[in-house]
Amino acid sequence: MGLTVATMGSIYLVFPEAAHAQLREQEVNGYNVSEVRFNGGLFRQTGRGHWTEYGADGRVKFTFRETGRDDWSVYLDDPSRDVQLQIDIHRNWIRLGDGGGPKRDFYPITSAYRNEGRMRPAPPTRSLETDGSNVQQVFFSGGSFRKTGPGRWTEYNAQGRAMFNFTETGRDKWSVYLNDRSRNVRLQLDLYRKWIGYADNGGAMSDLYQIQYASRRRGASSSHRPTPRPAPRPSGNTRDVNAGPIWSREDAKTKCPVVAASQGGQWTGEWRTTVQGKMSVCEIRF
């Protein structure tokens, strides 16, 4: 796929074969993007601080207000449905969340336009920073992931006990990709967004743990690590939290405790499917 020039003076990019190279060459980023397309419709900036989602037939589906931008993303909110979106140009995904919770990959972006009036290229990265090419260890509120050998990573809990082992399947500028074949689980250590993504059974990646600290050295000094915040004690309050597709009671026993731990709560043992084959929720007590 190549690069073509669209009407109205905009630059039209086609993904995904050379997506990142084309984006950088044409300076399409979170600051100047004004339209993204996916299979089934598009999102377009329709005014200052306003975006609209259109269906494949060109009809308006939903409207959003823009809540922020950074180097590679635009953040949108639909207060009427309590839905939040991230248009992630870096990873070529439109990500969805609700209730202010973690976002998950929802629509893969197939093409993007830039707004010629908002030219602000992403700043160059520094060679000494910790990124996907050199990271050896990442910490989250409940433990850490550490590179323990060539192509091998281990997850440790807050007490330093080894929990799960992973094979490193790839790296790019900002992420390390891990796989646990025994559980059919994939992870993405995303240093750009500072999230650990989780997917299983070939499903889409969703945010699981927020990265608090990352190091290019294994066994980084504890004096440089942030002090973990204690998890809130469970009370009588419960809330349904998105967990991706859950296929059975046994599957729920594997996924829901992980979701609960990421939210600082406890799984009540209850779960239900909200979108058949796509999304289920776990009931978490806080």
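Residues numbered from 1 in each chain as written. Predicted model: local features only at pLDDT ≥ 70, side-chain atom pairs only at ≥ 80, totals over all residues. Heavy atoms only, no water.

(A) Highlighting the overall build of the protein chain. Counting its regular elements, the protein chain contains 2 helices and 22 strands. Expressed as a percentage of the 286 residues in the protein chain, the buried residues total 45%. Accessible surface computed for the protein chain: about 15100 Å², of which carbon and sulfur atoms make up 48%. (Helix = DSSP H or I, 4+ residues; strand = E, 2+ residues; numbered from the N terminus. Buried < 20%, exposed > 50% of the residue type's maximum accessible area, 1.4 Å probe, protein only. Areas by Shrake-Rupley, 256 points an atom, 1.4 Å probe, with all protein chains shown as cover.)

(B) Looking closely at the confidence of the model for the protein chain. In this model, the protein chain carries an average pLDDT of 78, and 79% of its residues clear a pLDDT of 70 or more. Overall, residues 117-127 carries pLDDT values under 50, and its contacts beyond four positions in sequence, including any with other chains, amount to 19 contacts. Under a pLDDT of 50 for its full length, residues 221-235 has, in the predicted model, 17 contacts with residues more than four places off or in other chains. (pLDDT = per-residue confidence, 0-100. Contact = heavy atoms within 4.5 Å.)

(C) Seen up close, unusual backbone geometry. Positive phi, close to 55 degrees, is recorded for N184, a residue that is not glycine. With respect to the secondary-structure elements, N184 resides in the loop between β15 (175-180) and β16 (185-190). Since its relative accessible area comes to 40%, N184 is described here as partly exposed. With a phi angle near 50 degrees, N201 is a residue other than glycine that sits in the positive phi range. In this structure, N201 sits in the loop between β17 (195-200) and β18 (206-210). For N201, a relative accessible area of 40% translates into the label partly exposed.

(D) Summary view of the pairing of strand β10 (residues 104-114). Across 5 bridges, the pairing between strand β3 (residues 33-38) and β10 is antiparallel. Each residue of the ladder has a partner; that of F38, found in β10, is I109. As defined by bridge partners, strand β9 (residues 93-98) adjoins β10 across 4 bridges and the pair is classed as antiparallel. Within β10, the residue paired with R95 across the bridge is D105. Two successive antiparallel strands, β9 and β10, enclose a turn made up of 5 residues, where G99 displays a positive phi of approximately 65 degrees. (Pairing = 2+ DSSP bridges.)

(E) View of the sheet that holds strand β21 (residues 266-275). What the 3 strands build is an open sheet, ordered β20-β22-β21; its pairing is antiparallel. The open sheet is flanked by β20 (238-244) and β21, the only strands paired with a single partner. Each adjacent strand pair in this sheet contributes to an overall mean axis angle of 30 degrees, direction not counted. In this structure, β21 lies alongside strand β22 (residues 279-285), joined through 6 bridges in antiparallel fashion. Note on β22: the bridge partner recorded for W267 is I284. (Axes fitted to C-alpha atoms, helices over the stretch in contact; angles between N-to-C directions.)

(F) Inspection of the pattern of salt bridges at higher detail. Under the defined criterion, the tally for this structure stands at 19 salt bridges. Between D78 and R81 there is a salt bridge whose closest N-O contact spans 2.5 Å. When its relative accessible area of 34% is taken as the criterion, R81 is described as partly exposed. Of the charged contacts in the structure, one is a salt bridge between K253 and E250, with a shortest N-O distance of 3.4 Å. You can see K253 and its partner E250 sitting in helix α2 (residues 249-263), 3 residues apart, about one turn around the helix. Here E250 falls in the exposed class, since its relative accessible area comes to 52%. Residues participating in the shared-partner salt-bridge network are D88, R91, R95, D105, D190, R193 and D207. (Salt bridge = Lys/Arg side-chain N within 4 Å of Asp/Glu carboxyl O.)

(G) A look at the nonpolar core. In terms of nonpolar packing, the biggest core is built from 38 residues, with V36, F43, I87, V138 and F145 touching the most fellow members. In terms of nonpolar packing, the next biggest core, distinct from the first, is built from 11 residues, V241, V259, W267 and F286 among them. (Core = buried A, V, L, I, M, F, W, Y, C linked by side-chain atoms within 4.5 Å.)

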